[in-house]
Amino acid sequence: MSSNHLFAAIRAAIPALDAPLVTHPDGGMETYADALAASGRLANLLVARGVKPGDRVAVQVDKSWTALVVYLAAVRAGAVYLPLNTAYTLAEVEYFLSDAEPTLFLCRPEIEPEARALATRLGVPCVETLGADGTGSLTRAAADLPEAFEDVPRGADDLAGILYTSGTTGRAKGAMLSHDNLLSNALTLRDYWRFTRDDVLIHALPIFHTHGLFVATNVILLAGARMIFCPKFDARECLSLMPQASSLMGVPTFYTRLLDQPGLTREATAHVRLFVSGSAPLLAETHRAFRERTGQAILERYGMTETGMNTSNPYDGDRRAGTVGFPLPGIDLRITHAETGAVLGTDEIGMIEVKGPNVFKGYWRMPEKTASEFHDGFFITGDLGKVDGTGYVQIVGRGKDLVITGGFNVYPKEVETEIDALPGVVESAVIGLPHKDFGEGVTAVVVMAKGATLTEADIHARLEERLAKFKLPKHVIFVDELPRNTMGKVQKNVLRDTYKDLYAG
Ligand code: AMP
């Protein structure tokens, strides 16, 4: 092992040092040479701060050019990059830091005092700050360091990242992704979706999640292409950038919001060759409406934190609404009986299992949990689906009770635990209900104790202090009792059915 598996491939794909890698909606620009120089300085800083190969670098900062460079620097330094959703509260971050034991925690300047106190308590040796504008202790400390950095050798199976993903029960799990998990998946997607150096991607996704970080960013880097880096998604801005762009990767919410823009027309989107959707189900209705307005068929793909991307609709050929297309080259996908594990045939609904170079190395420090999620070498995704006679994969539901709102995962158990702790609450059930804008709207169904006088505002007030905003219920419904089956399990399907029109219209 003499090279850095992932970064050597990124280097090899650089089209020219003065080629732009990132441009900004306001006109700013950074080249591939800038990326090498800035990541070299930061990699030197990481090493100076004691980051050794395999050490975790935890990062909770706003999306920016420098934040992107921190990812590259971590890879070059042989570290394990650990991005955290910027919406997580300090109480949530505490768990991730205590579980992952990073050598360095990079946070927003606004929370520096609390972050330092937390780091001291948990024994995290080093804290640095980085603001949305690129300033902070990190860039100050790196300013005088050399650009030159010899990439730390890393093999295909060495870890490049850990992304936390919540479980239905218990605590969040750190999905360990190797250099080759990331590289193999990005190369496959680059070729399948035909990305070349001529491409310009509108990048409006967050970079703490697999979609914006590993799918969008790594595909662009490995194609030697360019991205227009938007701090967040804004439908009007996105539309205005389309004449300069060749592609967009988004969650379904991007597309429903674009459809609300009167300016979304065939002409306005004519320059874009590829619209990709994923991270949550794209309604067939959205697919059809988008095609009617623009003449373009959104390409839907399916993946998850633990596996990267597993399936994609075809580049040429029929991009079928309501399906996630075919298994990607090199990836095996099968459907098994959820209870017996028997492999099922065409059109039979069961558990989706996948196997391939994209599948993660396991959950951080949870060997038993990891073992229980594999079945004869296949990873059990937790998604229920089927494969039709023409090979298209369809996801029919989630075995786990995950709610996906605006592309973010909300695990009901976590929200229920917080609600149930509130005086006057007997129990609660958190469900996702169809929502035109968010895909699913988080909804809490709550049983109050006799004589209690709780309101929706009381529940919100507690949750706001404890949970990221995207996890907060859009509605709280008070009921006398929750529906249960004979085994005593709460029937969430009954609740979902009863309130299915809550957000309609
Ligand atoms: P995450 O780990 O945050 O990427 O979430 C992964 C989960 O999102 C998957 O297990 C699926 O339940 C869901 N998901 C991702 N893409 C799709 C899609 N195209 N259609 C339906 N569900 C999807």
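Residues numbered from 1 in each chain as written. Predicted model: local features only at pLDDT ≥ 70, side-chain atom pairs only at ≥ 80, totals over all residues. Heavy atoms only, no water.

K.L.:
What exactly am I supposed to notice about the site of the ligand here?
P.N.:
The local shell around the ligand holds 17 residues, among which His209, Glu300, Arg301, Thr305 and Asp383 are the closest. In this structure, Arg301 approaches the ligand through a main-chain N or O atom, which is 2.8 Å from a nitrogen atom. One of the side-chain N or O atoms of Asp383 is found 2.5 Å from an oxygen atom in the ligand. Protein contact buries 96% of the 500 Å² of open area that the ligand shows by itself. (Near = heavy atom within 4 Å. Polar contact = N/O pair within 3.5 Å; in protein donor to acceptor, adjacent residues only side chain to side chain. Areas by Shrake-Rupley, 256 points an atom, 1.4 Å probe, with all protein chains shown as cover.)

K.L.:
Would you mind going over unusual backbone geometry with me for this structure?
P.N.:
Negative phi is the rule for most residues except glycine; trans is the rule for most peptide bonds. Unusually for a residue other than glycine, Ser279 sits at a positive phi of about 85 degrees. Within the fold, Ser279 resides in the loop between strand S12 (274–277) and helix H11 (284–294). Even without glycine at this site, Arg365 takes up a positive phi of about 55 degrees. On the secondary structure map, Arg365 appears in the loop between strand S17 (350–355) and helix H12 (367–372). (Helix = DSSP H or I, 4+ residues; strand = E, 2+ residues; numbered from the N terminus.)

K.L.:
Which parts of the structure should I look at to understand the packing of aromatic side chains?
P.N.:
What describes a pair of aromatic rings is the distance from one ring centre to the other and the angle between the planes of the rings. All chains considered together, the criterion is met by 17 aromatic pairs. Look at Tyr88 and Phe96: their rings are 5.0 Å apart centre to centre, the planes differ by 40 degrees, and that puts the pair in the tilted class. Just as Tyr88 is buried, Phe96 falls in that class too. These aromatic residues form a ring-pair network of at least three members: Tyr88, Tyr95, Phe96 and Tyr164. Seen from the ring of Phe195, Arg273 lies directly overhead, with NZ or CZ sitting 4.7 Å from the centre. Directly above the ring of Phe438 sits Lys474, whose terminal nitrogen or CZ lies 4.3 Å from the centroid. (Phe/Tyr/Trp six-rings, centres within 6.5 Å; stacked < 30°, edge-to-face > 60°. Buried < 20%, exposed > 50% of the residue type's maximum accessible area, 1.4 Å probe, protein only. Lys NZ or Arg CZ within 6 Å of the ring centre and 35° of its normal.)

K.L.:
Just checking my understanding: could you explain the sheet that holds strand S14 (residues 308–312) for this structure?
P.N.:
Strand pairing within a sheet occurs via backbone hydrogen bonds; the two strands may be parallel or antiparallel. Ordered in space as S2-S1-S10-S9-S11-S12-S13-S14-S15, the 9 strands form an open sheet in which the pairing is mixed. The sheet is open, and its two edges are formed by strand S2 (29–31) and strand S15 (326–327), each paired on a single side. In this sheet, strand S11 (residues 247–250) lies alongside strand S9 (residues 200–203) in parallel orientation, the contact comprising 2 bridges. The residue bridging Ile202 from the neighbouring strand is Leu248, located in S11. (Pairing = 2+ DSSP bridges.)

K.L.:
Would you mind going over helix H1 (residues 5–12) with me for this structure?
P.N.:
Within an α-helix, residues lying three or four positions from one another point in the same direction, as the helix has 3.6 residues per turn. Looking at H1, one finds that the buried residues are Leu6, Phe7 and Ile10. The arc that holds the buried residues of H1, viewed along the axis, is 90 degrees, so those residues lie on one side. (Arc of directions from axis to C-beta.)

K.L.:
Is there a simple way to explain the nonpolar core in this structure?
P.N.:
When a protein is soluble and globular, its nonpolar side chains tend to lie buried together. Of all hydrophobic cores here, the largest spans 110 residues; its most connected members are Met249 and Leu258. The leading source of residues in this core is helix H3 (residues 65–76), at 10 residues. If you look at the next biggest cluster of nonpolar residues, it comprises 24 residues, including Cys107, Ala119, Val124 and Leu159. (Core = buried A, V, L, I, M, F, W, Y, C linked by side-chain atoms within 4.5 Å.)

K.L.:
Which parts of the structure should I look at to understand the packing of helix H4 (residues 90–100) against helix H5 (residues 112–122)?
P.N.:
Helix packing for two helices is described by the angle between their axes and how far apart those axes are. Close contact between H4 and H5 brings their axes to 11 Å; oriented N to C, the two are set at 35 degrees. Viewed along their axes, H4 and H5 form a crossing whose handedness is right-handed. For the pair H4 and H5, contact is made by Leu90, Val93, Glu94, Leu97 and Ser98 and by Glu114, Leu118, Arg121 and Leu122, respectively. Class assignment of the residues belonging to the contact of H4 with H5 gives a composition of 5 nonpolar, 1 polar and 3 charged. (Axes fitted to C-alpha atoms, helices over the stretch in contact; angles between N-to-C directions. Left-handed = near helix turned anticlockwise from the far one by under 90°. Contact = heavy atoms within 4.5 Å. Nonpolar A, V, L, I, M, F, W, Y, C, P; charged D, E, K, R; others polar.)

K.L.:
Would you mind showing me how to read the pairing of strand S16 (residues 332–336) here?
P.N.:
Each regular strand displays side chains that alternate between the two surfaces of the sheet. By the criterion of burial, S16 is predominantly enclosed, with 4 of the 5 residues buried. As paired strands, S16 and S17 are joined by 5 bridges and run antiparallel to one another. Each bridged residue has a counterpart across the sheet, and for Ile335 the counterpart in S17 is Ile352.

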